[in-house]
Amino acid sequence: MQYSTLPFTLVGSDQPYLIDVGTLYSQAQALIDRRKARGLRYPLALIVTVAVLAKLAGYSRVEDLADWAKLRAHELHLLFATKRAQMPHHTSRSRILGSAVDVSALERLAQQLVAPPASVGEIPERCSIQLALDGKTLRGTVTPGQTRGVHLLAAYLPQRGVVLMQVAVGSKQNEIVSAPLLLSQLELTGMLITGDAMFTQRELSSQIVEGGGDYLWMVKDNQPQLRDDIELLFEEECVSAGWSAPPVDFRQARSVDGGHGRIEERILTSSSLLADYSDWPYLAQVFKLEYRATDCQSGKQTRAVRYGVTSAPRRVLDAERMLGAVRRHWAIETGLHSRRDGSLQEDAMRTRTGEAPHVLATLNNLVLGLLSGQGISNVAEAQRAIAYHLDCFLHHLRSTIQAQASP
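In this report, we go over the structure that sits alongside the text.

How each quantity is defined
The numbers attached to residues start from 1 for each chain and follow its sequence in the written order. Per-residue local features of the predicted model are confined to residues with pLDDT of at least 70, and side-chain atom pairs are confined, for both listing and counting, to 80 or more; whole-chain, interface and lining totals are unaffected and use all residues. As a rule here, side-chain values come from all non-hydrogen atoms in the structure, and water together with hydrogens is ignored. A run of H or I in DSSP becomes a helix once it reaches four residues, and a run of E becomes a strand once it reaches two; helices and strands are each numbered from the N terminus. Each residue is assigned to one of three classes by its accessible area relative to the maximum for its type, calculated with a 1.4 Å probe on protein chains only: buried under 20%, partly exposed between the two thresholds, exposed over 50%. A contact between two residues is defined here by any heavy atoms of the two lying within 4.5 Å. To pair, rings of Phe, Tyr and Trp, with the six-membered ring standing in for Trp, must have centres within 6.5 Å; the planes then decide the type, stacked if under 30 degrees apart, edge-to-face if over 60, and tilted in the middle. To qualify as a nonpolar core, a set must consist of buried Ala, Val, Leu, Ile, Met, Phe, Trp, Tyr and Cys residues joined through side-chain atoms within 4.5 Å. For two strands to be treated as a pair, DSSP must find at least two bridges joining them. In the analysis that follows, any N or O atom pair within 3.5 Å is treated as a polar contact, provided that within protein one partner can donate a hydrogen and the other can accept it, and provided that, for residues neighboring in sequence, both atoms belong to side chains. A carboxyl oxygen of Asp or Glu within 4 Å of a side-chain nitrogen of Lys or Arg is what we treat as a salt bridge. Each axis is a line fitted through C-alpha atoms, taken for helices only over the stretch in contact, and angles between the N-to-C directions span 0 to 180 degrees. Any angle between 65 and 115 degrees counts as roughly perpendicular, while under 35 counts as roughly parallel, over 145 as roughly antiparallel, and the rest as oblique. Each crossing gets its handedness from the near helix: less than a right angle anticlockwise from the far helix is left-handed, clockwise is right-handed.

1. Overview of the overall build of the protein
(1) Moving on: Summing up its helical and strand segments, the protein has 13 helices and 11 strands in all.
(2) Moving on: Taken along its principal axes, the extent of the C-alpha atoms in the protein is 105 × 50 × 45 Å.
(3) Moving on: Relative to its full complement of 407 residues, the protein shows a buried share of 49%.
(4) Moving on: A fraction of 64% describes how many contacts in the protein between residues 6 or more apart in sequence connect residues 24 or more apart.

The following block contains the structure:
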């Protein structure tokens, strides 16, 4: 490669944004290429790195990023010192991404680039790292006559905006089956695993705690006895005259937010009283979450009540921190899934060749992780700036090399 780092200054930012293409390209070279060596024209590292650059510049669909690369074939040839100044057609690119890439290895590569491992000997504090679990179907892979396409389950760090791992959910399976496999590939020490009611399963809860982490699940009717016990605990006591209510250990946390024409209030009440009576694995606390929303124009009020459980004791996770963890969990929707669908046009993709949908989704996670690592929240704005500066850099590179080559 001619250069290892491409510096760009983003709109509204005082700090330069750095794309370490050299590290990306060199680590991508470690990926095993499943194609036969005979007749191989385009190195896998080149395909992966160019795809990431194109996505950073706002060209996400296979057809679009292939056209982007073909228009800049000569400049990319100079940058990566390839044998020929050509870039593959989008059908060839789809075939390569669908059959040549080991998805598990690519997931590990993305994890290394956006979430470097902790220092040797460093043990994180209990519940100091939150990991949100949630799945997403790639709508463009749903073929006519079917109701389901490629479905991926992601483990997301909401406080860092990074996907640690992602696995495909089998067509005849659900996320409950895939979650233990996903978590078995991660170091859970110090982690608080959060998820919706689907993940409220005994075996999964035990796996997390015995692996060094903690869980925080929502509870619905898929665990009716547990839900009834929690609901009964938080019911208001009817006390007869002359009698006093039994002692409770309830603690509360409250948040109020305004926006989008409404005022939202959340009240979380926690208790440890069920820990000694419930047979739920490693249960330490339960909670009740009340949600109230008031429309600022009509005055209409909306109210909802949800319940949950956690293995983290109060000394580690009090009501205030618990409320924060519940709210941060949904960053996997706003910070990951909605950005993959919006800025990275994931649901508009129609590529169904082999494992290409999973590969492209992993590259989307990588792009969002690289941007998040620079503190960037406005992905669309960053893509526009990167597209401009990347073209300027490639043009300058071509001019410089031509000047050096001239007598």
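2. A look at the packing of aromatic side chains
(1) Moving on: Scanning the model with the defined rule gives 5 aromatic pairs in all.
(2) Moving on: Relative to Phe250, the ring of Phe234 has its centre 5.1 Å away and its plane inclined at 40°; by these criteria the two rings are tilted. Here Phe234, found in the loop between helix H9 (224-233) and strand E8 (251-259), pairs with Phe250, found in the loop between H9 and E8; they are 16 residues apart in sequence, far enough to count as distant.

3. Remarks on the nonpolar core
(1) Moving on: Ranked by internal contacts, the top residues of the largest apolar core, which has 100 residues, are Leu183 and Val309.
(2) Moving on: Tallying contributions element by element places helix H2 (residues 44-56) first for this core, with 11 residues.
(3) Moving on: Apart from residues lying up to four places away in sequence, Val309 is in contact with Tyr215, Leu216, Trp217, Val219, Leu226, Ile230, Trp280, Leu283, Gln285, Val286 and Phe287.
(4) Moving on: Ranked by size, the runner-up nonpolar core spans 16 residues in total, among them Leu216, Leu289, Leu317 and Leu323.

4. Comments concerning the pairing of strand E5 (residues 162-169)
(1) Moving on: Among the 8 residues of E5, 7 are classified as buried, and the element is accordingly described as predominantly covered.
(2) Moving on: Sheet topology note: the strand E4 (residues 151-157)/E5 ladder contains 7 bridges and is antiparallel. Residue Leu157 lies in a different strand from E5, and its bridge partner there is Val162.
(3) Moving on: Linking two consecutive strands that pair antiparallel, namely E4 and E5, is a turn of 4 residues; a positive phi of about 70° is found at Gly161 within it.

5. Here we look at helix H5 (residues 90-99)
(1) Moving on: What H5 keeps buried is the set Ser92, Arg93, Ser94, Ile96, Leu97 and Gly98.
(2) Moving on: Residues of H5 that are buried in the fold lie against H2, helix H3 (62-71) and helix H12 (356-373).

6. Digging into the pairing of E4
(1) Moving on: Burial of E4 is extensive: 7 of the 7 residues sit out of reach of the surface.
(2) Moving on: Of the two faces of E4, the one lined by His151, Leu153, Ala155 and Leu157 and the one lined by Leu152, Ala154 and Tyr156 are each fully buried.
(3) Moving on: Two elements, strand E3 (residues 129-137) and E4, share 6 bridges in a ladder whose sense is antiparallel. Directly across from Ala132, in E4, lies its bridge partner Tyr156.

7. Considering helix H4 (residues 73-80)
Since the α-helix packs 3.6 residues into each turn, any two residues three or four apart lie on the same face.
(1) Moving on: Burial analysis of H4 places 7 of its 8 residues in the buried class, the great majority of the element.
(2) Moving on: Within the span of H4, buried status applies to Ala73, Glu75, Leu76, His77, Leu78, Leu79 and Phe80.

8. Focus: the side chain of Glu346
(1) Moving on: Turning to its location among the elements, Glu346 is positioned in the loop between helix H11 (331-341) and H12.
(2) Moving on: Among the polar contacts made by the side chain of Glu346, one reaches the side chain of Asn364 at a distance of 2.9 Å.
(3) Moving on: Aside from chain neighbours lying at most four places away, what touches Glu346 is Lys136, Leu138, Arg340, Asp341, Ala361 and Asn364.

9. Examining the pattern of salt bridges
(1) Moving on: Following the criterion strictly, the structure yields 24 salt bridges and no others.
(2) Moving on: With a shortest N-O distance of 2.9 Å, Lys136 and Glu346 are connected by a salt bridge. With a gap of 210 residues between them, Lys136 in strand E3 and Glu346 in the loop between H11 and H12 connect regions that are remote in the sequence.
(3) Moving on: Residue classification places Glu346 among the buried residues on the basis of a relative accessible area of 3%.

10. With respect to the sheet that holds E8
Remark on secondary structure: sheet strands pair via backbone hydrogen bonds, oriented parallel or antiparallel.
(1) Moving on: Here 9 strands make up an open sheet; going across it, the order is E5-E4-E3-E6-E7-E11-E10-E9-E8 and the pairing mixed. Both outer strands of the open sheet, E5 and E8, are each paired with one neighbouring strand and no more. The mean angle between the axes of side-by-side strands here comes to 20°, regardless of whether they run parallel or antiparallel.
(2) Moving on: Where E3 and strand E6 (residues 191-195) come together, 4 bridges link them in parallel fashion. Across the sheet, residue Gln130 finds its bridge partner in E6, namely Leu192.

11. As for the environment of Thr141
(1) Moving on: Along the chain, Thr141 falls in the loop between E3 and E4.
(2) Moving on: Accessibility expressed as a relative area gives 10% for Thr141, which makes it buried.
(3) Moving on: Along the primary structure Thr141 and His89 are separated by 52 residues, whereas in three dimensions their C-alpha atoms are 21 Å apart.
(4) Moving on: In this structure Thr141 touches Gly149, Val150, Thr351, Arg352 and Pro357, once residues within four positions along its chain are discounted.
(5) Moving on: For Thr141, the side chain forms a polar contact with the main-chain oxygen of Leu138, separated by 2.6 Å.

12. With respect to the packing of H2 against H12
(1) Moving on: Taken N-terminus to C-terminus, the directions of H2 and H12 make an angle of 60°; their axes are 10 Å apart at the nearest point. Put simply, H2 runs oblique to H12. Note on packing geometry: the crossing formed by H2 with H12 is right-handed. Contacts from Val48, Ala51, Val52, Lys55 and Leu56 in H2 reach Leu360, Leu363, Asn364, Leu366, Val367, Leu370 and Leu371 in H12.

The quantities given are spatial measurements derived from coordinates; they are silent on function.
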